[in-house]
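Coordinate analysis (summary)
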Amino acid sequence: MVGLVIVSHSQTLAQGVLELAEQMTRGSVVMEAAGGIDDPDNPIGTDPMKVMMAIESVAAQSEDGVLVIMDLGSALMSAETALDFLPDEVKEKVLLCSAPIVEGTMAAAVQASVGASLQEVRREAGAALNVKIQQLAPITGESVAAPVSVQADAAEGEEVSMDMLILNRMGLHARPAANLVATAGKFKCSVTVRKGDQSASAKSINQVALLAVKNGDTITVTACGADAHEAIGALKVLHEDNFGERDEDIMLVSAEESVHVSVVDGVVCGAPGSVGYAVGAAYVHQASLPDVEQVEVVDTAAEIALLDQAIADALTEIKALQKDTEKTAGKANAAIFEVHGLILSDQDMRDKAVAEIESRKVNAASVWLEVMTSMADGYRNLDDVYMKARAADVMDCGGRVLRILCGEEDRGIVLDRAAIIVAHDLSPSDVAGLDLDKVLAVVTEVGGVTSHAAILSRSMGIPAVIGVGDVVHRFKDGSTIALDGFAGKVWIAPDEEVQDEVSAKRAAWLAERDAAKLKGAEPAVTVDGRSIMVMGNIGIPADASRVLEYGAEGVGLFRTEFLFQDREQAPDEGEQFDAYVEAAQAMRGNPVIIRTLDIGGDKPVKYLDTPKEENPFLGERGVRFCMARPELFRTQLRALLRAATQENIWIMFPMISDVEELEGVLKFKDTVRGKLIAEGVEIAEKVKTGIMIEVPSAVAVADKLAVMSDFFSIGTNDLTQYVMAADRGNASVSKLCDNLNPAVLRMVAMTCEAAAKAGIEVGMCGELAGNAKASALLLGLGLDELSMNGPAIPDVKEAIRSVTMGECRVLAGKALAAKSADEVRALLG
């Protein structure tokens with residue numbers, strides 16, 4: 001495979017381009033960035049020695065050659081100088097490329113990932129700018145009020161078309177559109193989508209979304225190029241799988257009706273966005289974007305670099321916000337921010353801004369404001385209500401980039417007292433950042449029940465009335481107002497009688513909600529008396545108290561990799577010890593199962609020098625990674641053994657493949673334990689130690705692994721993709737990657753049988769464990785413990801309390817005899 005070296009005057013820019021290219025190719029292409037010079041006072045420049053070292057490093061890992069892509073000026077001279085220093089056998093495998101650094105790198109990375117030759121990769125990179133010019137030509141300077149027809153890329157080969165009836169309830173909204181774009185992007189041929197007389201590139205999420213493809217529409221997908229048949233075949237599979245969506249993955253809402261907005265007797269009516277009642281002071285929020293002036297610039301390249309860095313920084317912020325939101329609103333609702341990431345990662349918005357900067361020679365901030373506003377207007381002008389609501393997503397993530405460009409901090413809503421927030425609109429970022437201890441409810445002038453802000457409000461339990469119309473000016477900051485989220489009513493100046501009535505309803509509603517939490521706190525016992533441990537998954541110590549609130553009886557999975565991410569160096573022994581003890585103490589004596597570091601090429605951590613591998617899922621992951629870095633592993637095991645001596649902590653090793661591997665890991669652990677004791681550190685005589693069962697080879701020898709372990713925990717996410725030989729992130733094979741496939745369920749049953757014979761406990765901490773519909777099936781297969789994200793715990797416990805073990809075993813027998821995942825899903829009801 002061909003490798004890439006990116007040379008830029010700016011280390012930040014080079015690294016940003018590298019990260020973007022790695023995201024597109026999932027780390028399959030060997031790439032290195034050589035940017036800037038090692039002078040803190042004057043970091044902008046290029047260093048021939050740094051370029052030479054990067055080329056040598058990539059060449060050693062890329063037998064098909066190295067393509068060097070540069071920005072301008074001295075970057076070219078540094079690259080040429082670097083070539084002069086290289087030995088002939090390396091130099092003859094290196095080509096320099098004049099392609100624009102961002103577009104060229106993206107095109108080259110994609111082309112290299114499919115195994116193209118060095119000349120083919122250079123040719124594709126060199127043509128990247130022509131494609132952008134061709135796409136921009138029809139729309140330069142025009143407002144995006146509707147989708148535009150796009151010229152298909154020139155391609156040799158047959159043209160293949162297919163009509164597709166869209167059955168998705170919400171049409172091709174952001175997530176299925178993203179799966180369409182991801183699949184089309186795997187092929188070299190051009191792929192276009194046509195709806196009526198409008199067409200769009202199938203490789204642009206915004207262009208596809210702006211087609212406003214709704215449920216019941218028919219689209220025509222056309223591929224033109226050498227691999228057109230393969231592309232249409234993959235898209236046909238994706239279409240048959242509802243573009244990666246299943247019924248339970250789609251929010252069940254009826255088509256949103258226009259809400260009659262009125263103010264009668266001091267009562268404002270809107271849509272019931274989230275149920276609940278509230279009485280309290282109004283906090284009138286005046287959201288605004290930064291003030292931006294258009295300024296002429298000379299150095300357009302510098303402005304483009306600022307824009308690219310701002311987009312990269314915004315994507316980093318969005319990822320962090322997504323992780324935080326998963327803890328409060330659940331993974332499905334946090335996927336809203338995955339859509340935001342896709343919007344910003346789409347080259348369409350960025351390329352439009354770059355074209356304007358270059359043609360008009362004006363500052364990036366002013367152009368970005370124009371582009372994002374125009375894009376949002378395009379969504380607002382659509383007929384489909386759901387797609388209209390996506391304008392807020394564009395303004396939210398686009399506004400994040402704008403604030404970074406203007407050097408402004410993210411101005412979240414900060415409440416100094418309990419209040420009902422009244423605003424024109426709230427972005428998902430606004431809602432996700434709210435202090436749940438102080439926000440009583442939310443009122444907005446615009447939006448509807450399908451807006452992402454409304455979805456988040458529901459998931460976080462915040463009462464909300466949405467789309468009340470142009471009435472915010474009627475509310476006085478600090479005045480007492482009342483809200484009924486069930487009926488969609490807001491009282492602007494309620495009298496005492498209304499306040500008392502709504503307050504009483506709020507008290508009753510909160511009591512019902514607390515009763516539901518109490519259900520979660522009660523043990524999960526089947527009708528015939530079998531107790532099942534229901535535990536929580538956490539990533540940081542603070543998560544422990546949150547899952548406890550939902551009724552977790554312990555932690556079934558503490559993902560320690562979160563302690564190692566978003567930092568410059570690994571946490572030391574003391575920091576890790578404190579984190580493990582903190583989590584265990586929060587669980588009040590209940591067991592906390594801590595998984596040792598589970599990273600590798602698919603989950604890289606920069607400072608740990610994670611390898612770039614052809615197939616990271618089959619490379620150095622889990623204990624393989626740790627055993628290859630004994631100092632890193634030793635530090636974690638020392639902290640874990642010390643913490644387990646103080647608290648009820650169990651140690652779990654991920655990605656165990658066979659007996660010999662487990663023997664090596666246990667021997668290493670015993671050596672670390674012996675060293676601690678020799679140092680005079682008190683270590684418990686017995687610390688429970690178990691393994692993750694997530695590869696088929698471990699299932700095959702589960703009987704032998706069981707006698708060496710105190711417990712098993714089945715990781716269904718990885719087990720499913722390894723059993724089915726299907727990447728769970730690949731939309732083309734997503735139908736195969738289904739944890740309800742009978743082949744996967746048989747693996748679970750075999751593991752449980754081996755554990756039962758050895759007399760050890762067996763749990764599950766993968767996604768399937770949190771599916772309440774599958775709880776009875778999992779019990780029937782032989783699971784003793786289930787671990788999941790906090791919000792799923794009450795429903796899973798309730799499902800367990802409604803069945804007998806006999807019913808569970810009958811259901812499991814039928815599922816194991818089923819022919820497909822869909823047949824199993826039908827059994828679950």
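For every chain, the first residue of the written sequence is number 1, and numbering continues from 1 along that sequence. Where totals are concerned, whole chains, interfaces and linings use all residues; where local detail is concerned, this predicted model gives features only for residues with pLDDT of at least 70, and gives and counts side-chain atom pairs only at 80 or more. Side-chain calculation: all heavy atoms of the structure are included, whereas hydrogens and water are not.

**What about the overall build of the protein chain?**
When its secondary structure is counted, the protein chain shows 34 helices and 26 strands. About 34900 Å² of surface is accessible on the protein chain, with carbon and sulfur atoms providing 51% of the total. Under the DSSP-based scheme used, a helix requires at least four consecutive residues in state H or I and a strand at least two consecutive residues in state E, with every element numbered from the N terminus. Computed with a 1.4 Å probe, the accessible areas rest on the Shrake-Rupley method; for each residue, only the protein chains presented here act as cover.

**Quick look at the side chain of Asp718**
Looking at the element boundaries, Asp718 is found in helix 29 (residues 716-724). Among the polar contacts made by the side chain of Asp718, one reaches the side chain of Arg621 at a distance of 3.1 Å. Polar contact is defined as a pair of N or O atoms within 3.5 Å, subject to the rule that within protein one atom must be able to donate a hydrogen and the other to accept it, and that residues adjacent in sequence are counted only when both atoms are side-chain atoms.

**Here we look at empty space enclosed by the protein**
Cavities and pockets are found on a 1 Å grid laid over the protein atoms alone: a cavity is a set of points where a 1.4 Å probe fits but cannot escape, a pocket is an open set with protein on both sides within 12 Å along at least five of seven lines, and a lining residue has an atom within 4 Å of such a point. Grid points are joined across faces, edges and corners, and a volume is the space filled by probe spheres set on the points. Going through the model one piece at a time under the given rule, you end up with three cavities of 30 Å³ or more. Lining the second largest cavity, in full, are Met533, Met535, Pro591, Ile593, Trp650, Phe711, Phe712, Glu761, Val762, Gly763 and Glu785. Among the secondary structure elements, those contributing two or more residues to the lining of the second largest cavity are strand 19 (531-538), strand 24 (711-714) and strand 25 (761-764). In this classification, Asp, Glu, Lys and Arg are treated as charged, Ala, Val, Leu, Ile, Met, Phe, Trp, Tyr, Cys and Pro as nonpolar, and every other residue, Gly included, as polar. Of the residues in the lining of the second largest cavity, the class split is eight nonpolar, one polar and two charged.

**Details of the packing of aromatic side chains**
Pairing of aromatic rings covers Phe, Tyr and Trp, the last through its six-membered ring, and needs centres within 6.5 Å; plane angles under 30 degrees mean stacked, over 60 mean edge-to-face, and all others mean tilted. The full count for this structure, using the stated rule, is five aromatic pairs. Here the aromatic rings of Phe558 and Tyr580 are separated by 6.0 Å at their centres, their planes lie at 85°, and the arrangement is edge-to-face. Separated by 22 residues along the polypeptide, Phe558 in strand 20 (residues 555-559) and Tyr580 in helix 23 (residues 573-586) bring together distant segments of the chain. Taking relative accessible area as the criterion, Phe558 reaches 0% and is therefore assigned buried. Ring geometry for Phe633 and Phe653: centres 6.2 Å apart, planes at 80°, overall edge-to-face. One end of the pair, Phe633, is in helix 25 (residues 630-646); the other, Phe653, is in strand 22 (residues 649-653), with 20 residues separating them in the sequence. One exposure class covers both Phe633 and Phe653, and it is buried. Through pairs of rings, three or more aromatic residues link up here, namely Phe633, Phe653 and Phe668. Above the ring of Phe625, the side-chain terminus of Arg629 is found at 3.7 Å from the ring centroid. Distance and angle both matter: a charge sits over a ring if NZ of Lys or CZ of Arg is within 6 Å of the ring centre and within 35 degrees of the ring normal. Geometry around Trp650 places Lys688 over its ring, the cationic atom sitting 4.1 Å from the centre. To sort residues, take the accessible area from a 1.4 Å probe on protein chains only and compare it with the maximum for the residue type: under 20% means buried, over 50% means exposed, and anything in between is partly exposed.

**Notes on the environment of Asp495**
Tracing the sequence through the fold places Asp495 in the loop between strand 17 (489-491) and helix 20 (496-521). For the pair Asp495 and Ala482, spaced 13 residues apart in sequence, the C-alpha to C-alpha distance is 9.7 Å. Separated by 2.9 Å, the side chain of Asp495 and the backbone nitrogen of Val498 make a polar contact.

**Some thoughts on the packing of helix 23 against helix 25**
Note on geometry: axes are C-alpha line fits, over the in-contact stretch for helices, and angles between N-to-C directions span 0 to 180 degrees. Close contact between helix 23 and helix 25 brings their axes to 8 Å; oriented N to C, the two are set at 40°. Pair helix 23 / helix 25 crosses with right-handed handedness. Between helix 23 and helix 25, the contacting residues are Glu573, Gln576, Phe577, Tyr580 and Val581 on the first element and Thr635, Gln636, Arg638, Ala639, Leu640, Arg642, Ala643 and Gln646 on the second. Among the residues making up the contact of helix 23 with helix 25, the classes are represented as six nonpolar, four polar and three charged. Handedness of a crossing is defined here by the sense of rotation of the near helix relative to the far one, left-handed for an anticlockwise turn of less than a right angle and right-handed for a clockwise turn. Note on contacts: a residue pair qualifies if any of its non-hydrogen atoms lie within 4.5 Å across the two residues.

**Brief notes about the confidence of the model for the protein chain**
Overall, the predicted model of the protein chain reaches an average pLDDT of 84, with 86% of residues at or above 70. A residue's pLDDT is simply how confident the predictor is in it, with values from 0 to 100. Across the protein chain, strand 22 holds the top mean pLDDT of 98, while helix 7 (residues 128-136) sits lowest at 52. Note that residues 134-155 has pLDDT below 50 and, in this model, 37 contacts with residues that lie over four places away or in other chains.

**Some details on the sheet that holds strand 3 (residues 66-70)**
Only when DSSP finds a minimum of two bridges between them are two strands counted as paired. Strand order in the open sheet formed by four strands is 2-1-3-4, and the pairing between neighbours is parallel. Because the sheet does not close on itself, it has two edges, and the strands there are strand 2 (31-35) and strand 4 (94-97). Averaged over all neighbouring strand pairs, the angle between strand axes comes to 20°, with direction disregarded. Contacting strand 1 (3-8), strand 2, strand 3 and strand 4, helix 2 (residues 48-61) runs over the sheet at an angle of about 175° to strand 2. Most of the contacts of helix 6 (residues 118-126) go to strand 4, to which it runs at about 10°, and overall it touches strand 1, strand 3 and strand 4.

**Some details on the sheet that holds strand 7 (residues 198-201)**
With respect to topology, four strands assemble into an open sheet ordered 5-8-6-7, the strand pairing being antiparallel. At either end of the open sheet lies a strand with only one pairing partner, and these are strand 5 (159-165) and strand 7. Strand-to-strand twist of the sheet, defined as the mean angle between neighbouring strand axes without regard to direction, takes the value 25°. Where strand 5 lies against strand 8 (residues 218-224), seven bridges are found, and the strand directions are antiparallel. Paired with Asp163 across the two strands is Thr220, which belongs to strand 8.

**Section: the pairing of strand 21 (residues 592-595)**
Residues Val592 and Ile594 point to one face of strand 21 and Ile593 and Arg595 to the other, with burial holding for every one of them. The pairing of strand 21 with strand 22 spans four bridges and is parallel. The residue bridging Val592 from the neighbouring strand is Ile649, located in strand 22.

**Brief notes about helix 30 (residues 742-758)**
Here helix 30 is 17 residues long and its end C-alpha atoms lie 24 Å apart, about the 24 Å a rise of 1.5 Å per residue gives. Of the positions making up helix 30, those classed as buried are Pro742, Val744, Leu745, Met747, Val748, Ala749, Thr751, Cys752, Ala754 and Ala755. At the N-terminal boundary of helix 30, the capping side chain belongs to Asn741, with an oxygen 2.9 Å from the backbone nitrogen of Ala743. Taken from the residues just after helix 30, Gly759 is the one with a positive phi, measuring 75°. Helix span is expected to be 1.5 Å times the residue number reduced by one.

**Some remarks on helix 25**
The end-to-end C-alpha distance of helix 25, which contains 17 residues, comes to 24 Å, matching closely the 24 Å that a straight helix rising 1.5 Å per residue would cover. Of the positions making up helix 25, those classed as buried are Leu632, Phe633, Gln636, Leu637, Arg638, Ala639, Leu640, Leu641, Ala643 and Ala644. Turning to helix 25, the residues buried within the fold contact helix 22 (561-564), helix 23, strand 21, helix 24 (623-627), strand 22 and helix 26 (659-678).

**Considerations on the packing of helix 29 against helix 30**
Packing of helix 29 against helix 30 leaves a shortest axis separation of 9 Å and a crossing angle of 120°. The angle between helix 29 and helix 30 places the two elements in the oblique class. Considering the relative orientation of helix 29 and helix 30, their crossing is right-handed. Contacts between helix 29 and helix 30 pair Leu719, Thr720, Val723 and Met724 from the former with Ala743, Val744 and Met747 from the latter. Any angle that is under 35 degrees is reported as roughly parallel, and any over 145 degrees as roughly antiparallel; angles of 65 to 115 degrees are reported as roughly perpendicular and all others as oblique.

**Some points on a negative patch on the surface**
Residues form patches when they are more than 30% accessible in relative terms and have no salt bridge. Like charges link within 9 Å. Nonpolar side chains (Val, Leu, Ile, Met, Phe, Trp, Tyr) link within 5 Å. For this document, the term salt bridge refers to a Lys or Arg side-chain nitrogen within 4 Å of an Asp or Glu carboxyl oxygen. We treat Lys and Arg as the positive residues and Asp and Glu as the negative residues; His and chain ends play no part in the count. By convention, the point assigned to a charge is CZ for Arg, NZ for Lys, CD for Glu and CG for Asp. A contiguous patch of negative charge, built from Asp495, Glu496, Glu497 and Asp500, is present on the exposed surface. Tracing the backbone through its elements, the reader meets Glu496 in helix 20.

**Examining the pairing of strand 16 (residues 480-484)**
With four of five residues buried, strand 16 is to be regarded as a mostly interior element. Across five bridges, strand 12 (residues 277-285) lies against strand 16 in antiparallel orientation. Considered in strand 16, the bridge of Ala281 is made with Thr480. The pairing of strand 16 with strand 17 spans three bridges and is classified as antiparallel. The residue of strand 17 that forms the bridge with Ala482 is Trp491. Linking two consecutive strands that pair antiparallel, namely strand 16 and strand 17, is a turn of four residues; a positive phi of about 75° is found at Gly488 within it.

**Focus: the pattern of salt bridges**
According to the stated counting rule, one finds 29 salt bridges in the structure shown. Note that Arg530 is salt-bridged to Asp784, the shortest N-O span being 2.9 Å. Here the residue Arg530 occupies a position in the loop between strand 18 (524-525) and strand 19, and Asp784 occupies one in the loop between helix 31 (775-781) and strand 26 (785-788), the gap between them amounting to 254 residues. The class of Arg530 is partly exposed, set by a relative accessible area of 27%. Of the charged contacts in the structure, one is a salt bridge between Arg801 and Glu798, with a shortest N-O distance of 2.8 Å. With Arg801 and Glu798 both in helix 32 (residues 793-801) and three residues apart, the pair spans about one turn of that helix. On the basis of relative accessibility, which here comes to 36%, the residue Glu798 falls in the partly exposed class. Each of Glu573, Arg638, Arg642, Lys675 and Glu679 takes part in a single network of salt bridges with overlapping partners.

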